[in-house]
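Here is what each chain is made of, one letter per residue.
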Amino acid sequence: LKLFTNPTNLPPGPPRWPIVGNLLQLTHLPHRDMAALSRKYGPLVYLKLGSVDAITTDDPTTIREILLQQDDVFASRPRTLAAVHLAYGCNDVALAPFGPNWKRMRRICMEHLLTSKRLESFSTHRASEAQHLVRDVWARAQSGKAVNLREVLGGFSMNNVTRMLVGKQYFGGGSAGPSEAMEFIHITHELFRLLGVIYLGDYLPFWRWVDPHGCEDKMRQVEKQVDEFHSKIIQEHRMERKRKEAHGEQDDDANMDFVDVLLSLPGEDGKEHMDDAEIKALIQDMIAAATDTSAVTNEWAMAEVIKHPRVLAKVQEELHTVVGPDRLVLESDLVHLNYLRCVVRETFRMHPAGPFLIPHESLRDTKIHGYDIPAKTRIFINTHGLGRNTKIWDNVDEFRPERHWATDGMMNNRVEISHGADFKILPFSAGKRKCPGAPLGVTLVLMGLAQLFHSFDWAPPEGMDPRDIDTNEVYGMTMPKAHPLMAIARPRLPAPVYQSK
Ligand code: HEM
């Protein structure tokens, strides 16, 4: 439905140049640039990015309008070049435009992969990864040198996710081996880097012809590597299924990883199996969506807590009461750790996993607050800006978990880690495109943190004041700390607890 061919009442925004529009006003931290524009022009800002219409907001009411009231208008995604090359031609879930393909893939996720029953079936794996995490840090702590927490937390997330997806562990004892792990890490990092780039070819058609940095070539190269990696995994799973069939072994539902599950499902239009490309797109999405988000969040939370010894002491006091010194943390403890849950909410406020939601795109012309929003407008929901919006938060640069204690996030005596009714934080988004992996994401984050704060005391590297831990970020699809977090760990539980089975 086309209401306006020539919208006259666009939302306010900064003056723009011919051809490039507002592109040159964005720096290497576009979420901060856009937040500054929101402060200047109000809750809804219009930008022209090359040939693309865009809006940005950091305001709860406007966000609710976009994600809930007008969910059916704004539930699509732009077809960026990175999405085309790195998400199997946008035939995945996360980067797919709104339509029957996205609906089908999302349904497969919800009904077969991310169900509570399926997640429950991996709880033993998660417990063993949690134990592996503690032992890993314990071993590293023996030297008294600072531990690289980015490495440790990255391994924890990656192992949890790949065990569930492809049945393998990539780091530690019985892992798949260093060369396969390195290959996997390398392509995942490269993929993330490319997905995060604001690629000018998406905004200026002529740029694609020139491509001075060879960005599209690089995307094609990574696309090929990713595809080969997934082909190998699917091939291994098929061979294992054949072997089982030959021996008359049944598929045991409780032991199936995600690739097994997808190989067992029928395809579209009565086909016996899903296409390989569909399976690869889904697996790739899960790896990308699950690994970095939880690892980045854990690193930020550790950085803020170690920076604030007062908070660390309170977290440990709670762990002492709920868990006690004689055992490691169990998943069943996590609902009782309300102060730690506040720490995670506060981490999401200050350092959301991604500085923006994945860009949404409008399907047709519409209006917000009386302003014209043309079809195919790209929506930048500024979650980083939302958490630091001075109209809704006091002392925005202060890390203070207590501010979440009595919020509307409190339900059944449990601090909820989600947006709540007031939309003042938005860790997992809302509406049709909200994160389908939120329960798993929350578990991975809480488990990693609870385990590390319970088992160890933490301090910055020798000679550094906690207050000097830096909290600069870099922009990307996710928003990691600029420098890996290094900290000294001192075991605080009786020695046998670290060795117990
Ligand atoms: C702390 C961990 C996580 C955080 C903070 C997080 C956050 C998000 C956010 C903000 C979005 C974008 C929503 C939008 O554009 O409106 C998203 C999408 C998505 N997430 Fe997560 N996520 C996490 C973990 C996971 C996990 C563990 C999985 C699956 C195993 C997952 C699967 C997805 C998928 C498939 C989408 C795309 C949904 C769609 O476009 O329909 N996420 N997530």
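Everything quoted here is computed from the prediction, not taken from an experiment.

Draft legend 1. Geometry of the overall build of the protein. When its secondary structure is counted, the protein shows 18 helices and 11 strands. With respect to the three principal axes, the spread of C-alpha positions in the protein is 70 × 60 × 45 Å. The buried share of the protein, reckoned over its 501 residues, is 44%.

Draft legend 2. Spotlight on the nonpolar core. Counting residues in hydrophobic clusters, the biggest one holds 119 residues, and the most contacted among them are Leu86, Leu165, Val315, Leu340, Val343, Leu446 and Ala450. The biggest single contributor to this core is helix α13 (residues 276-307), with 17 residues.

Draft legend 3. Structural detail: the site of the ligand. Taken together, 27 residues surround the ligand, and among them Ala290, Ser429, Cys435, Gly437 and Gly441 come closest. Mapped onto the shell around the ligand, the elements with two or more residues apiece are α5 (100-113), α13 and α17 (438-455). Residue composition of the shell around the ligand, grouped by class: 16 nonpolar, seven polar and four charged.

Draft legend 4. Representation of the pairing of strand β11 (residues 486-491). Bridge count between strand β3 (residues 147-148) and β11: two bridges; the pairing is antiparallel. Across the sheet, residue Val147 finds its bridge partner in β11, namely Ala487.

Draft legend 5. Highlighting helix α11 (residues 215-246). Relative to the 46 Å expected for 32 residues at 1.5 Å per residue, α11 spans 47 Å between its end C-alpha atoms, a close match to the ideal helical length. Where α11 is concerned, the buried positions are Met219, Val222, Val226, Phe229, His230, Ile233 and His237. Where α11 ends, the next residue or the one after it, Gly248, has phi of about 65 degrees, a positive value.

Draft legend 6. Just the sheet that holds strand β4 (residues 360-361), in detail. The mixed open sheet is built from four strands, whose spatial order is β1-β2-β7-β4. Each edge of the open sheet carries a strand with a single partner, namely β1 (45-49) and β4. Strand direction decides the pairing type here: strand β2 (residues 52-57) and strand β7 (residues 378-381), joined by four bridges, are parallel. In the sheet register, Ile55 faces β7, and the bridge partner there is Ile379.

Draft legend 7. Structural context of the UniProt feature "binding site: heme" (unreviewed entry) in the protein. Sites flagged by UniProt as "binding site: heme" (unreviewed entry) map to Cys435. By secondary structure assignment, the location of Cys435 is in the loop between β9 (414-415) and α17. If near-sequence neighbours (up to four positions away) are discounted, Cys435 is found in contact with Phe428, Ser429 and Gly441.

Draft legend 8. Local environment of the sheet that holds β11. Taking strand neighbours across the sheet as the criterion, the three strands line up as β3-β11-β10 in an open arrangement whose pairing is antiparallel. In this open sheet, the two strands that pair with only one neighbour each are β3 and β10 (456-459). Across the sheet, helix α7 (residues 123-141) touches β3, β10 and β11, and the angle it forms with β11 is around 95 degrees.

Draft legend 9. View of the confidence of the model for the protein. Per-residue confidence for the protein averages 91 on the pLDDT scale, and 95% of its residues sit at or above 70. On the interface metric, ipTM, the complex scores 0.99, and its pTM is 0.95.

Draft legend 10. Main features of the pairing of β2. Where burial is concerned, most of β2 is hidden: five out of the six residues are buried. Two strands pair when backbone bridges link them, and β1 and β2 are joined in this way by five bridges, in the antiparallel orientation. Bridging across to β2, Lys48 finds its partner in Asp53.

Draft legend 11. Geometry of unusual backbone geometry. Despite not being glycine, Cys90 has its phi angle at roughly 65 degrees, a positive value. Look at Cys90 and you get buried, because 21 C-beta atoms sit within 10 Å. The backbone phi angle of Asn395 is positive, close to 35 degrees, even though this residue is not glycine. Secondary-structure assignment places Asn395 in the loop between α16 (383-387) and β8 (410-411). The class for Asn395 is exposed, based on 9 C-beta atoms found within 10 Å.

Draft legend 12. Seen up close, helix α8 (residues 149-166). Its 18 residues give α8 an end-to-end C-alpha distance of 25 Å, which sits within 8% of 26 Å, the value for a rise of 1.5 Å per residue. Gly167 lies just past α8 and shows a positive phi near 75 degrees.

Draft legend 13. Local environment of the environment of Phe184. The residue Phe184 is located in helix α9 (residues 178-196) in this model. The class of Phe184 is partly exposed, set by 19 C-beta atoms lying within 10 Å. Along the chain, Phe184 and Ala313 lie 129 residues apart, while their C-alpha atoms are 37 Å from each other.

Draft legend 14. Representation of the packing of α11 against α13. Contact geometry for α11 and α13: axes closest at 10 Å, N-to-C directions at 105 degrees. Our classification of the angle between α11 and α13 gives roughly perpendicular. Contact with α11, carried on its side by Val226, Asp227, His230 and Ile234, involves Asp276, Ile279, Lys280, Ile283 and Gln284 of α13 and no other residues of that element. Classifying every residue of the contact of α11 with α13 by side-chain character gives four nonpolar, two polar and three charged.

Rules used in this analysis
Residues numbered from 1 in each chain as written. Predicted model: local features only at pLDDT ≥ 70, side-chain atom pairs only at ≥ 80, totals over all residues. Helix = DSSP H or I, 4+ residues; strand = E, 2+ residues; numbered from the N terminus. Buried ≥ 20, exposed ≤ 12 C-beta atoms within 10 Å, placed from the backbone. Core = buried A, V, L, I, M, F, W, Y, C linked by C-beta atoms within 7 Å. Near = placed C-beta within 6 Å. Nonpolar A, V, L, I, M, F, W, Y, C, P; charged D, E, K, R; others polar. Pairing = 2+ DSSP bridges. Expected span 1.5 Å × (residues − 1). UniProt positions renumbered as here; feature names shortened; annotations may be inferred. Contact = placed C-beta atoms within 7 Å. Axes fitted to C-alpha atoms, helices over the stretch in contact; angles between N-to-C directions. pLDDT = per-residue confidence, 0-100. Parallel < 35°, antiparallel > 145°, perpendicular 65-115°, else oblique.

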